[in-house]
Amino acid sequence: MKTIGIIGGGQLGLMLAQEARRLGVRTVALDPAADASAFAACDGRIVAAYDDAAALEELCRQCDAVTYEFENVPGEVLIPLAERYNIPQGFRPLYDSQDRLREKRNARAHGFDTPDFAAVDGLRSLRDAVAQVGYPCVLKTRTLGYDGHGQAVLRSEEDLAKALPLLAVPCILEAFVDFDYEASLVMVADGEKVVTFPVGRNIHRDGILDLCCVPAQELSPGLEQRMRRTGESFMRACGYTGILAVELFVKGDRFWFNEMAPRPHNSGHWTIEGCTTNQFRELVRYLAGLPLEEPRLQAPTVMKNILGRDLEAAERLAAERCEGVFVHLYGKSESRPERKMGHVTFVGTDAADYAARWAGKFVQ
Ligand code: AMP
């Protein structure tokens, strides 16, 4: 029996372990919190800090293949381990995604359009960058930003003052894209084949993903084909294997790369029930050396993210056991209004059905 190691024990690790078990694959997760979500579904656990070299080595020793479920695993930790153990995705996709400037340059060099951008390392280069990119634009810290943290939209000269706190660290300035909607493309590659999941529409609330609607009504089959083909050739050109999620901005029949993550993605959770195979299962298949399966959409599907404020509503829904409604709760011990506590997948439901039948059950 194969064993997969997971660096990180959050909800992504939990769902990965659940899918691994369905495929007869064992898992061991490493996380600093003794009550990490993933431990509930793993066969083994290592409670240790992410930079504890001895503990990470122990994880590698216990496993046939090791993966990660968050982006900020440091290279100093992973590179030496990847030389001696089987960490098949390696450090490269993490390295390429850990810095927004490097990430956008890499995306452009390998076939994606990106918003116009420029590097910023102080007020002077901010002025030069604004002259190049124009207003409106978005200033972002190059590293460690997430869900809209570490960024500011600049609409005119007057907004430059609000950029000042960000300039303490290296930044990137991007053209503001007046997109129609956001979408994401989740892909798994094994070095020969690349499988891509159907593309949906992502709807954010306060900077956090709220809903994924698949298929996106606005997305024509031709445009979706182009997204999938661009993604596939990007994976091949970069030489990435394993899983990659790319977030896109879409306007009319154009799309732009926003950012990527070489791990399962929140916008792919709907695939667990909405597709014939899902993002976690395909990652396990890749890690266990099994051939990849081509995913097919089962039915229109909507995923609703459950933050702390919606936890009670999700628990009520779980108790109702309605047809086509799948409630996932991650078992986190502490609930906070903005913390991701679970998600609910509505299969056989499109965006209009969701708005009419289900949206009212959650905090508006
Ligand atoms: P990010 O952390 O880069 O994903 O940005 C968080 C959110 O800010 C995105 O989901 C978008 O809604 C918005 N955003 C980021 N960059 C841009 C941009 N260049 N143009 C318009 N909106 C943006």
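Presented here is an overview of the structure given in this document. (Residues numbered from 1 in each chain as written. Predicted model: local features only at pLDDT ≥ 70, side-chain atom pairs only at ≥ 80, totals over all residues. Heavy atoms only, no water.)

1. Observations concerning the side chain of Thr241
Step number 1: Assignment of secondary structure puts Thr241 in the loop between α8 (221–238) and β13 (242–251).
Step number 2: A residue is classified by how much of its surface remains accessible, and Thr241, at 17% relative accessible area, is buried.
Step number 3: Within the structure, the side chain of Thr241 is placed 3.5 Å from the backbone oxygen of Pro88, a separation counted as a polar contact.
Step number 4: Here Tyr286 takes part through its side chain, which lies 2.7 Å from a polar atom of the side chain of Thr241.
Step number 5: What Thr241 contacts, discounting residues up to four positions off in sequence, is Pro88, Gln89, Ala189, Asp190, Gly191 and Tyr286. (Helix = DSSP H or I, 4+ residues; strand = E, 2+ residues; numbered from the N terminus. Buried < 20%, exposed > 50% of the residue type's maximum accessible area, 1.4 Å probe, protein only. Polar contact = N/O pair within 3.5 Å; in protein donor to acceptor, adjacent residues only side chain to side chain. Contact = heavy atoms within 4.5 Å.)

2. Some details on the side chain of Arg228
Step number 1: Relative to the helices and strands, Arg228 resides in helix α8.
Step number 2: With sequence-adjacent residues up to four places away left out, Arg228 is seen in contact with Leu185, Thr196, Phe197, Pro198 and Val199.

3. Looking at the pairing of strand β12 (residues 208–214)
Step number 1: Here β12 lies mainly inside the structure; seven of its seven residues are buried.
Step number 2: The loop that links strand β11 (residues 200–205) with its antiparallel partner β12 comprises two residues; one of these, Asp206, has a positive phi angle of about 50°.
Step number 3: Of the pairings in the sheet, the one linking β12 to strand β15 (residues 301–307) comprises four bridges and is antiparallel in character. What sits directly across from Val214, in β15, is Thr301. (Pairing = 2+ DSSP bridges.)

4. Things to note about the packing of aromatic side chains
By convention here, two paired aromatic rings are described through the distance between centres and the angle between planes.
Step number 1: Scanning the model with the defined rule gives nine aromatic pairs in all.
Step number 2: Ring centres of Tyr50 and Phe70 lie 4.5 Å apart, and the angle between their planes is 45°; this geometry places the pair in the tilted category. Of this pair, Tyr50 sits in the loop between β3 (44–47) and α2 (53–62) while Phe70 sits in the loop between β4 (65–68) and α3 (75–84), and the two are 20 residues apart along the sequence.
Step number 3: Summarising the aromatic geometry, the rings of Phe346 and Trp358 are spaced 5.0 Å apart at their centres and angled 35° between planes, so their arrangement reads as tilted. A residue pair is termed long-range when its members are at least 10 positions apart, and Phe346 in strand β17 (residues 340–347) and Trp358 in helix α12 (residues 351–358) qualify at 12 residues.
Step number 4: Given a relative accessible area of 0%, Phe346 falls into the buried group.
Step number 5: Here the aromatic residues Phe112, Phe234, Tyr240 and Phe257 are joined through ring pairs into a cluster of three or more.
Step number 6: Between Arg102 and the ring centre of Tyr95, over which it is positioned, the NZ or CZ distance is 3.6 Å.
Step number 7: Cation over ring: Arg155 sits above Phe176, and NZ or CZ is 5.2 Å from the ring centre. (Phe/Tyr/Trp six-rings, centres within 6.5 Å; stacked < 30°, edge-to-face > 60°. Lys NZ or Arg CZ within 6 Å of the ring centre and 35° of its normal.)

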